[in-house]
Amino acid sequence: MKYPLLILLLLSTHVGAAVYKWVDEHGNVHYSDTPVEGAQQIELKDNTHNTVVLPKPIRISEPTEAEAVQYQLQISTPEPEATVRNNNGDFSVSAMMTPEAPNGSRFQLMLDGKEWGSPRARPVFQLRGIDRGEHTIAVKALNAQGQTLTETEPRVIFLHRATYKAPRPQPRSN
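None of the values given here were measured: they were computed from a predicted structure.

### What about the sheet that holds strand β1 (residues 19-23)?
Stage number 1. With respect to topology, 3 strands assemble into an open sheet ordered β2-β1-β3, the strand pairing being antiparallel. Because the sheet does not close on itself, it has two edges, and the strands there are β2 (29-32) and β3 (40-42). Pairs of neighbouring strands in the sheet enclose a mean axial angle of 35°, with direction left out of account.
Stage number 2. Where β1 meets β2, 4 bridges bridge the pair, whose relative direction is antiparallel. Looking at β2, one finds that W22 is bridged to H30.

What follows is the structure in structure tokens.
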């Protein structure tokens with residue numbers, strides 16, 4: 001025999017497809033794929049075979065972190081159009097984010113449309129030596145990869161630096 005495995009395979013599929021019918025002592029009809037004493041093998045027609053066709057899986061793209069959560073970021077201080085009075089040009093900016101920023105997030109301060117300093121883990125910034133006048137501030141929340149999650153509306157503030165001139169020494173009169 002050249003093909004014993006093929007013949008064995010064909011016989012096993014035929015045997016596995018057999019259905020047996022028998023009636024028990026209570027008159028109940030049973031069907032099984034295992035022969036029982038007194039059971040009759042039933043010939044199945046082609047249209048009685050079940051075939052299961054699974055639907056093709058629908059691929060739904062997972063929402064990105066930015067799409068899944070809508071973050072809100074607002075500047076807490078200073079107030080809009082506030083006048084900050086500091087002769088050294090020092091003031092602080094703080095912001096709040098809801099819901100809480102994901103792990104690895106950083107916050108970047110924007111001063112007059114340019115990045116100020118490096119991104120930080122907390123949205124609190126201490127500015128020093130800023131020139132007097134009108135300034136626009138904003139804060140960006142960045143994810144761990146450096147992509148912007150959200151940002152505040154730009155806020156205009158005014159920095160007032162008063163100058164103090166020492167009185168001139170007056171010539172002495174004798």
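### Here we look at the sheet that holds strand β4 (residues 72-77)
Stage number 1. If you walk across this open sheet you meet the 3 strands as β4-β6-β9, and the pairing is antiparallel. With partners counted over all chains shown, the strands left at the sheet margins are β4 and β9 (124-127), one partner each. Averaged over neighbouring strand pairs, the angle between their axes works out to 20° when direction is ignored.
Stage number 2. When strand β6 (residues 91-98) meets β9, the two strands line up antiparallel, connected through 4 bridges. Pairing of F91 across the sheet is with L127, part of β9.

Conventions we followed
Residues numbered from 1 in each chain as written. Predicted model: local features only at pLDDT ≥ 70, side-chain atom pairs only at ≥ 80, totals over all residues. Heavy atoms only, no water. Pairing = 2+ DSSP bridges. Helix = DSSP H or I, 4+ residues; strand = E, 2+ residues; numbered from the N terminus. Axes fitted to C-alpha atoms, helices over the stretch in contact; angles between N-to-C directions.

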